[in-house]
Each structure stands twice: as structure tokens, then as C-alpha cells.
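Take a look at the letters that make up each chain.
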Amino acid sequence: MQWQTGRFLLDLGTPKVMGIVNVTPDSFSDGGQHASRDAALAHCDRLVKDGADILDIGGESTRPGAQELPVAEELERVLPVVRHAVTLGVPVSVDTYKPQVMQAVLDLGADIINDVWALRWSGDPSGLTGVEVIRQHANCGVCMMHMHRDPQTMQVTPMVGDVMPQVLSFLQQLTQHLRGLGVNPVRICIDPGIGFGKTVQQNFALLAQQAALLPMGYAVMAGWSRKSSLAAVTQRSLSSVATLDNRERVVPSVTAALLAVQNGAHVVRVHDVKETVQALKVFGAMEQQC
């Protein structure tokens, strides 16, 4: 399988590691650590050195309860980082749902739009839509994620019922719509949206049943890194989940990424790139003997 991502046609015969670059003061896991321009640029360099196949730059937190960021402020955060990242020899993804931001970063050379709203957001004052932007940039990759409700309400009223059929139906409808508009399927990646409006049990059901996404024929991304569901199943009490520090989330995060790859994920989106790359090398060595 291949994924067309702007300047790069990625061979997904081996899993790819997408390194997270949060240029935000309030992300749930690493908010503020790379908020300054110099820190963000250095973080990009470090992730590539650690083995990241893709960089994913985000200027607005989409954690539960996060508030919308003005376009101008998001652009101020991400554009300098994108300018640097596109010189590093790997595909550059931008985590955004705003069409004006999509347009700006793609014009600057970014390769992928990673959209938690799956191109459905319609709040742009100019009337521009994400679908229009994607169609105008004929080679960019696009990741379509399932999100229940919106960041402000998704964990207040999470999904109910059997989760995989609902996620599958949602992604099938959206990808068919994109293809109907002439978007080449090789450009499309799908993401079941771990933690976006799902219960802990539903998140793990998505992991267990992830192979159900593969017959759709698209690249599959899994984003388990440092998610609260991992803390929920590894901590002795719920009161300790929110305070679990990043170091204690590394092993559960790497484990979940490895399980996602074992269940068919082509791309894993992670904070802890070096550790994930090492784990996947061990997994790959075993796979070669099967």
C-alpha cells in the first residue's frame, strides 16, 4: 500500500511513525513544552533524528474542552515551524481543521492535512471549505478522523453502543464523498479517533477490531499516544489518571502503538518517537522470520 503525501509517495509496507510537534500552551500531554518558536524547531530536528518518518505540527489543542483558536493566532504559531520542517526531508503534516490554515500551510509546502473534523468544519468566515482546499492541492495527503460531537462536548456526552460500526459508517460516507469529488484514494488516510468522544471501553474495542477498517483500502492511522484511556487501565485509581506524568505514559503508549501496528495500522502518531521506533524495529525483526 502507498500513501500520496505531497512531495512524497510513502511505501506503507513498513509502518510509519508520525512525530507530534505541539506548538501550543495547552495540549493535554505536552502543552507549553514546544510553544516557543526555537523550541518547536529544535523539537522537529530531534524527532527526525530519532527516526520520525513524518512530522505532525499542531497549533491548536483539540483536547476535551479545548476552545477554538483564532485563525491569525494559529497561523502565527504554525507557519514558522512549517517553514523549517519542510527542509528536513520528511513529509510534513499539519493538524488543523480550518480551511484558511490548510491553504496557508499547503502553499508553504506542507504535505498532509490531518483534520480531526474530517473536512466537515464550516465556520470559516470566508466561506472557504476544507474540501475545496484539498481539491486545489492535487497531491497533498489528507487524514480523515472520526470525532463524536466536538472538542467542547465530546467527553461530556460520549458515544453509546457498538462503536466500530458507527466509526466505519462515518468513514465510509466521508471517503466516498471525497472520491466522488475526484480525490484520488491514494491520498486518503483514515483514523478511528481514539479518545475523541469515546469511552475507555470503546477505545479498546476500536483497537481490538481495528482490522475492520482495512478492507476500505486506505492507509490507517492510530493515535494512542499518552491518551487518558491508557492511564485509566494502568492506574490503581481514577484520581491518579489525570496526574499521571508523561514518563509513566511512555510504556503504555508504545505498547498501544505496537498493538495498533499488529492489528493493521500503517501510521502511528506518537510523542515518544525514539521509543516507538525501537519497538517497531523489534517487531519488524520478528515479522521477517514469520
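Parameters and conventions
- Per chain, residue numbering runs from 1 following the sequence as it is written.
- Totals for whole chains, interfaces and linings use all residues, but because this is a predicted model, local features are given only for residues with pLDDT of at least 70 and pairs of side-chain atoms are given and counted only at 80 or more.
- To get the side-chain values, all heavy atoms of the structure are used, and hydrogens and water are removed first.
- Secondary structure elements follow DSSP: runs of H or I of four or more residues count as helices, runs of E of two or more count as strands, with numbering from the N terminus.
- This radius of gyration counts C-alpha atoms alone. The globule rule is 2.2 Å times how many residues there are, raised to the power 0.38.
- Note on classification: 1.4 Å probe, protein chains only; a residue is buried when its accessible area is under 20% of the maximum for its type, exposed when over 50%, partly exposed between these limits.
- Throughout, the Shrake-Rupley method with a 1.4 Å probe supplies accessible areas, and for residues the shown protein chains are the sole cover considered.
- Working convention for charge: Lys and Arg count positive, Asp and Glu count negative, and His plus the chain ends are omitted.
- Working definition for charges: the position is that of NZ of Lys, CZ of Arg, CG of Asp or CD of Glu.
- The pocket and cavity definitions rest on a 1 Å grid over protein atoms only: a 1.4 Å probe that fits but cannot leave marks a cavity, an open set with protein on both sides within 12 Å along at least five of seven lines marks a pocket, and residues lining either have an atom within 4 Å of a point.
- Grid points are joined across faces, edges and corners, and a volume is the space filled by probe spheres set on the points.
- Residues are grouped as follows: nonpolar covers Ala, Val, Leu, Ile, Met, Phe, Trp, Tyr, Cys and Pro; charged covers Asp, Glu, Lys and Arg; every other residue, Gly included, is treated as polar.
- For helices, the fitted line uses only the C-alpha atoms of the stretch in contact; every axis is such a line through C-alpha atoms, and the angle between N-to-C directions lies from 0 to 180 degrees.
- An angle counts as roughly parallel when it lies under 35 degrees, as roughly antiparallel when it exceeds 145, as roughly perpendicular when it falls between 65 and 115, and as oblique in every other case.
- Crossing handedness is read from the near helix: turned anticlockwise from the far helix by less than a right angle, it gives a left-handed crossing, and turned clockwise, a right-handed one.
- The contact criterion used throughout is that any non-hydrogen atoms of two residues lie within 4.5 Å.

1. Details of the overall build of the protein
Along the protein, the regular secondary structure elements total nine helices and 10 strands. A compact globule built from 290 residues would reach a C-alpha radius of gyration of about 19 Å, and the protein, at 18 Å, matches this within 12%. When its C-alpha atoms are laid out on the principal axes, the protein stretches across 50 × 45 × 40 Å. Counting across all 290 residues of the protein, residues that qualify as buried make up 54%. When the accessible surface of the protein is summed, it comes to about 12300 Å², and 52% of that surface belongs to carbon and sulfur atoms. The average position of the 23 basic charges and that of the 27 acidic charges among the side chains of the protein differ by 3 Å.

2. Describing the layout of surface pockets
Estimates place the volume of the second largest pocket at around 370 Å³. The element best represented in the lining of the second largest pocket is helix α9 (residues 273–287), accounting for six residues. The class makeup of the residues in the lining of the second largest pocket is eight nonpolar, six polar and four charged.

3. Some details on the packing of helix α5 (residues 163–180) against helix α6 (residues 200–208)
At their nearest, the axes of α5 and α6 sit 9 Å apart, and the two run at 65° to each other. Considered as vectors, α5 and α6 are oriented roughly perpendicular to each other. Our pair here, α5 against α6, has a crossing hand that is right-handed. For the pair formed by α5 and α6, the contact residues are V163, M164 and V167 on the first element and Q202, A205 and L206 on the second. In terms of residue class, the contact of α5 with α6 is made up of five nonpolar, one polar and no charged.

By themselves, these observations are geometric and do not establish any function.
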